[in-house]
Amino acid sequence: LNGHPGTKYGLPFPVIARAAFGILGAHVPSLLRGLVACGWFGIQTWVGGQAIHTLLNSALRGALTAPLVGWLGISLPELACFATFWAVQVGIIWNGIELIRVVEKYSAPVLIALSVALLAWAYSSAGGFGNMLAAPSQFGPGAAKQGMFWRTFMTALTANVGFWATLALNIPDFTRYAKSQRDQLVGQALGLPFFMAAFSTLSVAVTSATVVIFGSAITDPVQVLAKVGNPVSTCLAIVGLIVATLSTNIAANVVAPANALVNLDPKRFSFNRGGLLTAVIGALIMPWKLVSSTSGYIFTWLIGYSALLGPVTGIMMVDYFLLRNRTLDVDALFSKDPTGEYWYTNGYNVTAMSAFALGVLPNIPGFLHATGLFLNAPRIFIEVYNFAWFVGFGIASLVYMICSKN
C-alpha cells in the first residue's frame, strides 16, 4: 500500500511525505528514517566484517585472535575487517546508483544458491529432516518456557514488524521505478513474504541440525560455517556473506538517508555524498556495542525505532488513501508558495506533527525502561511498549483522521 504513490507519481518517500507533514515538516519523518538507516548500515557492516574475521580466523587456525582494545570493545583484527568491509561498500556507493543496481541484480541468485547449499549440507550431515526437526517445543508442558508463547510471540512480532517497517516506510524510493501498480504489488507480494518465510524456515532447520551435528544449537550461520572448516567452504562462505550483506545493506540502508539529505539540502548533498555521510555515521556509532546483547538489540533498537516509524506510517496512509483518495498535486509538492496546498502553517502540518507526538508518547516510558533509565516504569507502559509499532500506528492514524476531518 505504501508503495502506491511512488509508482503512480514517480516520487521518492521524502517528497510524498510533504503531502501529510508539509513541505518543511516532511524533513522530520525522512530524517528519522534516515537516522535509523544509518544505525542499520553500521550494524550490517559489523555483521559483514565479523563474518570475514570469523571465517578467516578459522581458516588461519586462530591467527587473528587478539585482545580487545579497552575503550573500543573489539580487537584490532576485528576492527580491520570491519573497516575493510566498510570501505568496499563506500566504493560502491560513491560510484552511484547504477553500480548499486548491478550489485542487487546479481546478488540474489548467489544468495539463494548458497543458502540451498547450506541446507543440503545440514540435511546430509544430520541424517535427514527427521533428526533436524525432532526437538520438542520450549513452550510445551514442563518445558522451560511453558505458558509464555503468546507473550514471546507478540514481542517477536513487534520486533519483526519494526525490522520491516523501515523499508516499508520508504518503499516509494523503489516502487517509483515500477512500470505499473501490478508490478510493484506482485513483486512485493511474491518477493518479500515468500522468501522471508523460506529463509526463516531454512534458518530454523539449519539451527536444529547443529544440535545433531555439533551437540549444541548454533544460531549464527557464520559460526556454523567456521566449524565446517575446509578451505572451499570457507571461501564460498566469505563470498556469499559479503554478497548477501552488501545487497541488503546498500539497498535498505543507503537509499533512504541519501534521499533524505538530498531533500533537506539539494545544493549541498548529492546521492553520493548522502550515502557517504550515512556510512560515516554508521561507523561512528560503534554498532558492535548496539548488538552486543539480544535484549539490547530487540528491546532497545528494533522496538525502539518502531515506536517512531509506526506513527509516520499511519499518518501517511490515512492522508493518502482516506483523506486524499490517492490524489496528489505534484507541482504543489515542490512549491514553497505560502498559499500552496502543502505549505500548511509555515511549511508544517501541525495536525500531523501533533498526531505523530501523541503516537510516540505512550511508548516513551517503556523505551526508557528498556534502556535502564526508568527501571520503575509502571507495568502497563512496559506491556504497551511490547506493541510499540501497533500502538503508535493506531493512535497517530486515529488522531490524524479525526483532527483532519474537523
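Predicted, not measured: the structure shown is a model, and the values here were computed from it.

Examining the overall build of the protein
Turning to step 1, where the next piece is worked out: Counting secondary structure elements, the protein contains 21 helices and zero strands.
Turning to step 2, where the next piece is worked out: Taking 22 Å as the expected radius of gyration for a compact globule of 406 residues, we find that the protein reaches 23 Å, a close match to that expectation.
Turning to step 3, where the next piece is worked out: A principal-axis box enclosing the C-alpha atoms of the protein has dimensions of 70 × 55 × 45 Å.
Turning to step 4, where the next piece is worked out: Taking all 406 residues of the protein together, 43% fall into the buried category.
Turning to step 5, where the next piece is worked out: Long-range contacts, defined here as pairs at least 24 residues apart, represent 77% of the contacts in the protein between residues at least 6 apart.
Turning to step 6, where the next piece is worked out: Averaging the coordinates of the 21 positive side-chain charges in the protein and doing the same for the 13 negative ones gives two points 6 Å apart.

What about the side chain of asparagine 349?
Turning to step 1, where the next piece is worked out: Take asparagine 349: it is sitting in the loop between helix H17 (330-333) and helix H18 (350-360).
Turning to step 2, where the next piece is worked out: Residue classification places asparagine 349 among the buried positions, given a relative accessible area of 7%.
Turning to step 3, where the next piece is worked out: Looking at asparagine 349, its side chain comes within polar contact range of the main-chain nitrogen of threonine 351, at 3.1 Å.
Turning to step 4, where the next piece is worked out: Sequence-distant contacts of asparagine 349, that is, excluding residues within four places in its chain, are made with Ala20, Phe21, Gly22, Tyr344 and Tyr400.

Considerations on the nonpolar core
Turning to step 1, where the next piece is worked out: Phe21, Ile315, Met316, Leu328, Leu333, Tyr342 and Tyr400 are the most contacted members of the largest nonpolar core, which has 35 residues in total.
Turning to step 2, where the next piece is worked out: Of all the secondary structure elements, the ones that give two or more residues to this core are helix H2 (13-21), helix H3 (27-59), helix H16 (294-323), H17, H18 and helix H21 (388-405).
Turning to step 3, where the next piece is worked out: Among residues more than four places away in sequence, those in contact with isoleucine 315 are Ala20, Phe21, Ala352, Ala355, Phe356, Ala396, Ser397 and Tyr400.
Turning to step 4, where the next piece is worked out: Among the nonpolar cores identified, the runner-up in size contains 14 residues, and Ala51, Leu118, Ala237 and Leu241 belong to it.

What to know about the packing of aromatic side chains
Turning to step 1, where the next piece is worked out: A complete count under the given rule lists ten aromatic pairs for this structure.
Turning to step 2, where the next piece is worked out: Judged by centre distance (5.3 Å) and plane angle (55°), the rings of tryptophan 46 and tryptophan 288 are tilted. One end of the pair, tryptophan 46, is in helix H3; the other, tryptophan 288, is in helix H15 (residues 287-290), and 242 residues separate them in sequence. The pair formed by tryptophan 46 and tryptophan 288 is uniform in burial state, with each residue classed as buried.
Turning to step 3, where the next piece is worked out: Aromatic side chains tryptophan 150 and phenylalanine 153 sit 5.6 Å apart centroid to centroid with 85° between the ring planes, which places their arrangement in the edge-to-face category.

A word on the side chain of arginine 18
Turning to step 1, where the next piece is worked out: Take arginine 18: it is sitting in helix H2.
Turning to step 2, where the next piece is worked out: Here arginine 18 occupies a buried position and makes no salt bridge, while the nearest side chain of opposite charge, aspartate 331, is found at 11 Å.
Turning to step 3, where the next piece is worked out: Leave out the neighbours within four places in its chain, and arginine 18 touches Ile23, Ala26, Asn263, Leu333, Phe334, Tyr342 and Tyr344.

Side note on H3
Turning to step 1, where the next piece is worked out: Compared with an ideal rise of 1.5 Å per residue, which puts 33 residues at 48 Å, H3 spans 47 Å between its outermost C-alpha atoms and is within 8% of the ideal.
Turning to step 2, where the next piece is worked out: Of all 33 residues making up H3, 24 are buried, and the element is well covered by its neighbours.
Turning to step 3, where the next piece is worked out: Once H3 finishes, arginine 61 follows within two positions and takes phi at roughly 55°, a positive value.

Section: unusual backbone geometry
Turning to step 1, where the next piece is worked out: Positive phi values are uncommon outside glycine, yet methionine 286 reaches one of about 50°.
Turning to step 2, where the next piece is worked out: Inspection of the secondary structure assignment puts methionine 286 in the loop between helix H14 (271-284) and H15.
Turning to step 3, where the next piece is worked out: For tyrosine 344, which is not a glycine, the phi torsion comes out positive at approximately 55°.

Considering a nonpolar patch on the surface
Turning to step 1, where the next piece is worked out: There is a patch of nonpolar side chains on the surface, built from Trp94, Leu276, Leu277, Val280 and Leu284 and spanning about 440 Å² of accessible area.
Turning to step 2, where the next piece is worked out: A per-element tally of the nonpolar patch places H14 first, with four residues.
Turning to step 3, where the next piece is worked out: Looking at the element boundaries, leucine 284 is found in helix H14.
Turning to step 4, where the next piece is worked out: The class of leucine 284 is exposed, set by a relative accessible area of 65%.

Some points on the packing of helix H7 (residues 149-169) against H21
Turning to step 1, where the next piece is worked out: Taken N-terminus to C-terminus, the directions of H7 and H21 make an angle of 65°; their axes are 8 Å apart at the nearest point. Here Leu157, Thr158, Val161 and Ala165 of H7 come into contact with H21, specifically with Ala388, Trp389 and Phe390.
Turning to step 2, where the next piece is worked out: Classifying every residue of the contact of H7 with H21 gives six nonpolar, one polar and no charged.

A look at the pattern of salt bridges
Turning to step 1, where the next piece is worked out: All chains considered together, the criterion is met by four salt bridges.
Turning to step 2, where the next piece is worked out: The salt bridge involving aspartate 319 is made with arginine 324; its shortest N-O contact spans 2.8 Å. Both residues of the pair, aspartate 319 and arginine 324, count as buried.
Turning to step 3, where the next piece is worked out: With a shortest N-O distance of 3.0 Å, glutamate 383 and arginine 379 are connected by a salt bridge.

What to know about the environment of leucine 308
Turning to step 1, where the next piece is worked out: Along the chain, leucine 308 turns up in helix H16.
Turning to step 2, where the next piece is worked out: Put simply, leucine 308 and tryptophan 389 are 81 residues apart on the chain and 7.7 Å apart in space, counted from C-alpha to C-alpha.
Turning to step 3, where the next piece is worked out: Excluding anything up to four places from it in sequence, leucine 308 contacts Leu32, Phe356 and Val360.

Reading the values: the criteria
Residues numbered from 1 in each chain as written. Predicted model: local features only at pLDDT ≥ 70, side-chain atom pairs only at ≥ 80, totals over all residues. Heavy atoms only, no water. Helix = DSSP H or I, 4+ residues; strand = E, 2+ residues; numbered from the N terminus. Rg over C-alpha atoms; globule rule 2.2 N^0.38 Å. Buried < 20%, exposed > 50% of the residue type's maximum accessible area, 1.4 Å probe, protein only. Contact = heavy atoms within 4.5 Å. Lys, Arg positive; Asp, Glu negative; His and termini not counted. Charge placed at Lys NZ, Arg CZ, Asp CG, Glu CD. Polar contact = N/O pair within 3.5 Å; in protein donor to acceptor, adjacent residues only side chain to side chain. Core = buried A, V, L, I, M, F, W, Y, C linked by side-chain atoms within 4.5 Å. Phe/Tyr/Trp six-rings, centres within 6.5 Å; stacked < 30°, edge-to-face > 60°. Salt bridge = Lys/Arg side-chain N within 4 Å of Asp/Glu carboxyl O. Expected span 1.5 Å × (residues − 1). Patch = residues over 30% accessible without salt bridge, like charges linked within 9 Å, V, L, I, M, F, W, Y side chains within 5 Å. Areas by Shrake-Rupley, 256 points an atom, 1.4 Å probe, with all protein chains shown as cover. Axes fitted to C-alpha atoms, helices over the stretch in contact; angles between N-to-C directions. Nonpolar A, V, L, I, M, F, W, Y, C, P; charged D, E, K, R; others polar.

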